[in-house]
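# Secondary and tertiary structure notes
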Amino acid sequence: MRSDGDGIEVLHLDDDEAFLNLTRSWLERENEDIEPTTATDPERALSLLARGAATDGGVRSEADRELESVAATGGPPAFDCVVSDYDMPGMTGLEFLERVRGRYPDLPFVLFTGKGSEEIASDAISAGVTDYLQKGTRGDRFTVLVNRIENAVDQRRAEQQAERSAQRVRQVFERITDAFVAFDRDLRFTYVNDQAADLLDADPDVLRGTLLLDAFPTIEDSKTVTACRRALEVQESETVEVFADPLDSWLEIRAFPARDGLSVYFRDVTERKRREAELREERAFTESVLAGLPDALYAFDRTGDLLRWNDRFAATTGYTDAEIADMHPLEFVPDDETGRIADSIAAVVEDGEHVTVESAFETTSGERVPHEFTGAPLVAEDGTELGLVGIGRDIRGRREREREFEAVFNNTFQLTGLMEPDGTLVRANDPALEFVGVPPSEVVGVHLAEAPWITERNRDRVYDAVERARDGEFVRFEMEIDGTDGPAIIDFSLKPVTDDDGEVTLLIPEGRDITERKARERELERKNERLEAFTSAVSHDLKNPLSVADGSLDLYRETGREEPELVDQAADALDRMDRLIDDLLDLAEQGRVVADPEPVDLSAVVQRALTGVGSEDVEVTVEATDRAVRADEARLVQLVENLLDNAVAHAEQAARVALVDGDRLVVADDGPGVPLDERDRVFEPGYSTSSDGRGFGLAIARDIAEAHGWSLTATESRWGGARFEVEGLDSDPPGGD
């Protein structure tokens, strides 16, 4: 029984499980160093052969791929020897041998078969089998098998050892491609190769047999001589780097001691030293840049091990460099942020994306410091993705500025926003969104001219304004928009914002609601018109009766006679003046806007108006007035009364009052009508075609209509007379509210 201490791993393939177990028992009995592994399936055997041998740690499921992986990585097989049966289902022993030889041409392979013939033996030898042995039932067959395994493994191990020795010799000779010299123990040259002769600028034949210091006396105290003497003394190799002034080069000198002398290798490392100097300068520059960065820099590998960080990183987090080295990147962010940050890291490391995310550093004291983190793939020179590199920027100042901006942007009565130079809306403040009643999603990314609050008639105007503002012009005008509470008028402007080069980078749209101001302006215009009417009436209509009264009194004074005609003329003039003054007061009063209209029975209003109009000679027809309208009742009565008074005054036989289409009150007559070119003038204060008319009735009616938000127009009736229409009545069924 052999036991030399070197284990022998044997893979035994046979389709007979019982025979495998028998063989295992004999092998372990004959040699306790043999460790057999059995398999009944050739594919399984191939997998076992490769398992555990791959240097890259990967074992594939398919046997051939496993063997290929092992061979590709240069890994050895998992066994020292293979023993295989010949006659097996699915694959013969020789076919199995061919598969093994394709990956391991030198692996010992013993064909141990119960089917013996010269043909099989010949085929086995031709296929590269190490040994061939027939099975038997006696124990000596297993003893022979053990002997064949031991011999085959010993021979292969000897060959491997010889190969390793030869490899070392080759490496020695390959090193001698450098400049090489050999010394005896007295530092006398015994060998000088051509490279060394060139480097030392000396004849190798002259140097051989010469002491080193005799050949080069000036180097006695040099680092080279010191290293050679020390190597001989302590019998350990020495390496020094020296600058050779005559050669203007850096040399690396390596001295290897032996019992009978010293082997010394010289290598010109000037280029390496230059690269190292450049690298030191580059590293110094990089370190200074990193140290000067106002942001925290970090780099970590795919597993999360931090590779690099700068001083700002440590100062911000409060951790020491030693602590940082043992931490995972997710330990620097708050717990409620780790999921989001982990997703961002995965997007960089796994998908190669560049990401930017706002989160926070959590310091050693638990403080959250808001930061904007960026990440990009960390890639080696050969393109291998190593991990992630990024910076963290403190955004506390920016957050504060953003809060200040939001406070100004959203806490104002101005409707404002931000736009790209092409007119695309970027933001709108809260007052603007509330005013027009739309969410931000319907605003952002939309051209201002296409915004839902811009009316169709103003769309082109807004497009033009954007073009002008993009060219640097400040644009301002008034326009109507669709607000939440209906149409509104805004004072609109577009202000361009430019960079240092004068390039427009942003547009600021602003709007101020001036709907009430415009209403006040219109009211003021109406008041001014009434004032002009007063002026005209006073200067014209009051002047004539005043002249009559004044003239009658003068004549009475001059004659001294009591003439009733003069008194009557003065009294009539004064009476006319009194009526004119009442009309003027009505005109002023009726121009006031109706603030709180209430439901009024239109039929009752018409009846009240009829009682105040002398219509004995004219037949007045009332139609479809059984409705309620929202109005100031007293003023509506006066409006209808004035229109009926005008109709009765001009009608020949008939007049008509009717409510048409539910929102138009019509008063018509069969009189001469109003000429087309006079239909606007009839509403001017003081206009009358009658000699005894004062010309204020229709003007007062128009003011009452406009005070309600209605309109009053003149047209032609079906009889050819005058027809006055009050449009825009808010009518309801009787009793409505």
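Coordinates for the structure precede this section.
One structure accompanies this document, and this report is about it. (Residues numbered from 1 in each chain as written. Predicted model: local features only at pLDDT ≥ 70, side-chain atom pairs only at ≥ 80, totals over all residues. Heavy atoms only, no water.)

### Looking at the overall build of the protein
- Helices and strands together make up the secondary structure of the protein, namely 23 helices and 28 strands.
- For the protein, buried positions account for 40% of its 737 residues.
- Contacts in the protein between residues far apart in sequence, at least 24 positions, make up 52% of those at least 6 positions apart.
- Per element, the accessible surface of the protein, about 40,500 Å² overall, is 47% carbon and sulfur. (Helix = DSSP H or I, 4+ residues; strand = E, 2+ residues; numbered from the N terminus. Buried < 20%, exposed > 50% of the residue type's maximum accessible area, 1.4 Å probe, protein only. Contact = heavy atoms within 4.5 Å. Areas by Shrake-Rupley, 256 points an atom, 1.4 Å probe, with all protein chains shown as cover.)

### Observations concerning helix 14 (residues 338-349)
- Taking 1.5 Å of rise per residue, 12 residues should cover 16 Å, and helix 14 covers 16 Å from first to last C-alpha, within 8% of that figure.
- Here the buried face of helix 14 lies against strand 11 (296-301), strand 13 (355-362), strand 14 (368-379) and strand 15 (385-394). (Expected span 1.5 Å × (residues − 1).)

### Notes on the packing of helix 4 (residues 93-101) against helix 5 (residues 118-127)
- Running from N to C, helix 4 and helix 5 cross one another at 5 degrees; their axes reach a closest spacing of 10 Å. What the angle tells us is that helix 4 and helix 5 run roughly parallel. Where helix 4 abuts helix 5, its residues Leu94, Leu97 and Arg101 lie against Asp123, Ala124 and Ala127.
- Across the contact of helix 4 with helix 5, the residue classes tally to 4 nonpolar, no polar and 2 charged. (Axes fitted to C-alpha atoms, helices over the stretch in contact; angles between N-to-C directions. Parallel < 35°, antiparallel > 145°, perpendicular 65-115°, else oblique. Nonpolar A, V, L, I, M, F, W, Y, C, P; charged D, E, K, R; others polar.)

### Structural notes on the pattern of salt bridges
- This model, assessed by the stated rule, comprises 41 salt bridges.
- Two residues, Glu271 and Arg274, come together in a salt bridge whose shortest N-O distance is 2.0 Å. Placement of the pair is Glu271 and Arg274 together in helix 11 (residues 270-292), with a separation of 3 residues, close to one helical turn.
- Measuring nitrogen to oxygen at the nearest pair gives 3.0 Å for the salt bridge that ties Glu478 to Arg517. Taken as a pair, Glu478 in strand 18 (residues 475-483) and Arg517 in helix 18 (residues 515-541) lie far apart in primary sequence, 39 residues in all.
- Overall, Glu478 belongs to the partly exposed group, its relative accessible area being 32%.
- On the basis of relative accessible area, Arg517 is assigned to the partly exposed category, the value being 28%. (Salt bridge = Lys/Arg side-chain N within 4 Å of Asp/Glu carboxyl O.)

### Details of the packing of helix 21 (residues 602-611) against helix 22 (residues 633-650)
- Their axes nearest at 8 Å, the elements helix 21 and helix 22 cross at an angle of 55 degrees. Here helix 22 runs oblique to helix 21, going by the angle between their axes. As helix 21 packs across helix 22, the resulting crossing turns out to be right-handed. For the pair formed by helix 21 and helix 22, the contact residues are Leu602, Val605, Val606, Arg608, Ala609 and Leu610 on the first element and Glu633, Leu636, Val637, Val640, Glu641 and Leu644 on the second.
- A class-by-class count of the residues in the contact of helix 21 with helix 22 yields 9 nonpolar, no polar and 3 charged. (Left-handed = near helix turned anticlockwise from the far one by under 90°.)

### Let's talk about the packing of aromatic side chains
- The full count for this structure, using the stated rule, is 18 aromatic pairs.
- Judged by centre distance (5.5 Å) and plane angle (5 degrees), the ring pair of Trp26 and Phe142 falls under stacked. Pair noted here: Trp26 is in helix 1 (residues 17-30) and Phe142 is in helix 6 (residues 139-175), with a separation of 116 residues, a long-range link.
- Take Phe142: its relative accessible area is 1%, and that puts it in the buried class.
- For the pair Phe313 and Phe361, a centre-to-centre distance of 5.4 Å together with 85 degrees between the ring planes defines the contact as edge-to-face. With Phe313 in helix 12 (residues 311-317) and Phe361 in strand 13, this residue pair connects regions lying 48 residues apart in the sequence. Per residue, the accessibility class of Phe313 equals that of Phe361, and both read buried.
- By way of ring pairs, the aromatic residues Tyr298, Phe313, Tyr319, Phe332, Phe361 and Phe373 are connected into one cluster. (Phe/Tyr/Trp six-rings, centres within 6.5 Å; stacked < 30°, edge-to-face > 60°.)

### Thoughts on the sheet that holds strand 17 (residues 425-428)
- Read from one edge of the open sheet, 5 strands run 17-16-20-19-18, paired in antiparallel fashion. Single-partner strands in this sheet number two, and they are strand 17 and strand 18. The sheet shows a mean angle of 30 degrees between the axes of neighbouring strands, taken without regard to direction.
- Pairing analysis gives 3 bridges linking strand 16 (residues 415-419) to strand 17, with the strands arranged antiparallel. The residue of strand 17 that forms the bridge with Met419 is Leu425.
- Along the sheet, helix 17 (residues 456-470) contacts strand 16, strand 18, strand 19 (486-498) and strand 20 (504-513); its crossing angle with strand 18, the most-contacted strand, is approximately 145 degrees. (Pairing = 2+ DSSP bridges.)

### Some words on the pairing of strand 3 (residues 81-84)
- In strand 3, alternate side chains face the same way, and those of Cys81 and Val83 on one face and Val82 and Ser84 on the other are all buried.
- For strand 1 (residues 8-13) and strand 3, the ladder comprises 4 bridges, and the chain directions are parallel. Note on strand 3: the bridge partner recorded for Leu13 is Ser84.
- As defined by bridge partners, strand 3 adjoins strand 4 (residues 109-113) across 3 bridges and the pair is classed as parallel. Within strand 4, the residue paired with Val82 across the bridge is Phe109.

### A short note on the nonpolar core
- In this structure, Leu636, Val640, Leu643, Phe724 and Val726 are the most contacted members of the largest nonpolar core, which totals 41 residues.
- Counting only elements with at least two residues in this core, the list comes to helix 21, strand 23 (628-631), helix 22, strand 24 (654-660), strand 25 (664-669), helix 23 (697-707), strand 26 (711-716) and strand 27 (722-727).
- Ranked by residues supplied to this core, first place goes to helix 22 with 8 residues.
- What Phe724 contacts, discounting residues up to four positions off in sequence, is Leu643, Asn646, Leu665, Val666, Val667, Val682, Phe683, Leu698, Leu712, Thr713 and Ala714.
- One finds Met419, Phe477, Phe492 and Leu494 within the second-largest nonpolar core, a separate group that totals 28 residues. (Core = buried A, V, L, I, M, F, W, Y, C linked by side-chain atoms within 4.5 Å.)

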